[in-house]
Amino acid sequence: MSFLEIIFNRLREAADEPVLQEIREGAVVSVSGRELLVQVQTAREFLRGAGLRQRDRCALLAPNSIRWAALDLALMAEGIVVVPLYARQAPAELAALMKDSSPSLVCCGDGVLRDSVAQTWPEAPRRAIFDEVFAGATPVVVEDPLSLAANDPVTIIYTSGTSGEPKGVVLNAGNLNHMIPCTNDRLDRLMGLHEESDRVFHYLPFCFAASWILLLTCLSRHGVLVLSTDLGKLGEELKVAAPNYFLNVPTLLERVRGKIEEQIKQRGGVAASLFDKARTAWLRLHRHEARPMDPIWLAVANALMFPAIRKSLGPNLKALICGSAPLAVDTQLFFSMLGIPVLQAYGLTETTAICTLDDPRAVVPGRVGPAIPEVQMLLGENQEILIRGPNVFPGYWNKPEATASALQDGWFHTGDQGEVDDAGNWRIIGRLKDLIILNSGHNIAPEPIENTLLKELPGAQQVMLAGNNRSFLVALINVSPGGAVSREDVEAALAKINTGLPHYKQIRNFHAGKGIFTLENGLLTANGKLKRALIATRFSDVIEELYRKPHA
């Protein structure tokens, strides 16, 4: 049975149960399995009326919503290739992606997005808004999805373009048929004998591969997926959703951790002292350096403090799931100290979002778990991770040379550096293309150092190191719009982290500015990653000045 047939059957079983919800202005909008299938059928009839046929392409440009999910299912059920796009991406970039994928139809969430497409791409094909797509009469019969062969394309998801031009990753039915059972297996292990429906909160855009895989996984299992509609109200929406688990990026978890620590620090007194002692004890325990009093401090904190913190994050929370970038080990340990395990995943769009998943029964902090079933992973030259398996994509859209470069002798060359322990748990070190090579010949993976500095600067959003063909490293620091980072703050942070680094990895100078990297100025990808080459070019004068000044 295909992944799509499994989802349709699940929605029929949940005919009178909620399967998807949206939080709007504090109120919950819900659809049952039957209601979602009716929306799917309504959209399918619109698509046929618009003249779309199997293997045509349709761009989907809208924020997350119940109707986004319904249209996505409708397109796949008709055998139409979905091209999901990020609604907040720069209009010129969106136009370039649409021109590349040449859709027969562009479906937009509202008139504003439709008009934006018209302005940046006047020659665009027909543009329809969701109100048109779902305006048809209520269908009498809900049809089964078309049968898809394993090699039938399902979607084209564009990479973020951190190191160059975005590429359209084609994923086929076979990729999804393998992945959805794998993610379900891990969630079954997490939930155990849990008899009620899973409750899952979700805020990451469905146009990103991992986010989309979670959507399809949730629709295929006994659960309710609750969609955020306002990123500025995540805390409030999380309380309404009261989830068992949800997908995160490291940035959010770092912020949550920082907020908790700051609140306890402001309380001061016995509470702050107990928390500090318990945290120190927990870290020593992880390093196998426990002292006699450490279990006592942890037991007291577990009795008096940690339950309240867990409740504030979610009374039903069993785990946090994290991906997209490396998570600091001490942040993962922080949440596990509170009794909330963080399960990490590693993967790329080209691997149907996932290669490894933490087993909830054996989480190793700092690692991203073992390879999922039937997926082979090994280390190539320069510790590059190579992957082979049914999750690997068939190729890039209209880019045969890029496909041939990425897929060699049956192995996908990820461009990521990693290492694996004896138990098969992987750790991601960095990106090969991001390596900084000093004129001394030292090779430096920048991400671990950047993440360490970022942790010491709560008011900063991103840090990028520079130093190729130079004698030392310098840092560009992007201060968040609502944050504050003084020169003294940075100097104190550098003094702290440089002490523990070899001389060639120490940061000798820096430039900090508020909002210097943004999605709008083209220096961040749609999911907030640095466009390193473009930043280096745009800030070349600043970087030159850093090397002319005395070292920080």
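Residues numbered from 1 in each chain as written. Predicted model: local features only at pLDDT ≥ 70, side-chain atom pairs only at ≥ 80, totals over all residues. Heavy atoms only, no water.

*Asks:* So what exactly am I meant to see when it comes to the pattern of salt bridges here?
*Replies:* Side chains bearing opposite charge may pair, as long as their charged atoms lie close to each other. Following the criterion strictly, the structure yields 37 salt bridges and no others. One salt bridge connects Arg48 with Glu143, and the closest N-O pair in it is separated by 2.9 Å. Remark: Glu143 occurs in the loop between helix 6 (130–133) and strand 7 (153–158) and Arg48 occurs in helix 2 (residues 33–49); sequence separation between them is 95 residues. Exposure remark for Glu143: the relative accessible area of 29% places this residue in the partly exposed category. Ionic contacts of the salt-bridge type, sharing partners, join the residues Arg257, Glu261, Asp276, Arg279, Asp330 and Lys455 into one network. (Salt bridge = Lys/Arg side-chain N within 4 Å of Asp/Glu carboxyl O. Helix = DSSP H or I, 4+ residues; strand = E, 2+ residues; numbered from the N terminus. Buried < 20%, exposed > 50% of the residue type's maximum accessible area, 1.4 Å probe, protein only.)

*Asks:* Looking at this structure, I do not really get the packing of aromatic side chains. What am I missing?
*Replies:* The relation between two aromatic rings is expressed through the spacing of the ring centres and the mutual angle of the planes. Evaluation of the coordinates by the stated rule reveals twelve aromatic pairs. Seen from their ring centres, Phe275 and Phe306 are 6.4 Å apart, and the 90° between their planes marks the pair as edge-to-face. Of this pair, Phe275 sits in helix 11 (residues 269–286) while Phe306 sits in helix 13 (residues 306–313), and the two are 31 residues apart along the sequence. With relative accessibility at 1%, the residue Phe275 sits in the buried group. (Phe/Tyr/Trp six-rings, centres within 6.5 Å; stacked < 30°, edge-to-face > 60°.)

*Asks:* Sorry if this is basic, but what is going on with the sheet that holds strand 10 (residues 223–227) here?
*Replies:* Within a sheet, each strand pairs with its neighbour through backbone hydrogen bonds, oriented either parallel or antiparallel. Strand order in the open sheet formed by eight strands is 2-1-10-9-11-12-13-14, and the pairing between neighbours is mixed. Bordering the open sheet on either side are strand 2 (27–32) and strand 14 (356–357), each of which pairs with just one other strand. Sheet analysis places strand 13 (residues 342–346) next to strand 14, joined by two bridges and oriented antiparallel. The residue of strand 14 that forms the bridge with Ala345 is Leu357. In the packing of helix 9 (residues 234–241) onto the sheet, contacts are made with strand 1 (18–24), strand 2, strand 9 (198–202), strand 10 and strand 11 (245–248), and the angle to strand 9 comes to roughly 170°. (Pairing = 2+ DSSP bridges. Contact = heavy atoms within 4.5 Å. Axes fitted to C-alpha atoms, helices over the stretch in contact; angles between N-to-C directions.)

*Asks:* Is there a simple way to think about the nonpolar core in this case?
*Replies:* Soluble globular proteins tend to pack their nonpolar side chains together in the buried interior. Grouped together as the largest cluster of nonpolar side chains are 122 residues, with contacts concentrated most on Leu20, Leu36, Leu71, Leu73 and Trp212. With ten residues, helix 3 (residues 66–77) is the largest single contributor of residues to this core. With near-sequence residues (within four places) excluded, Leu36 lies in contact with Leu11, Val19, Leu20, Val31, Ile66, Ala70, Leu73 and Leu219. (Core = buried A, V, L, I, M, F, W, Y, C linked by side-chain atoms within 4.5 Å.)

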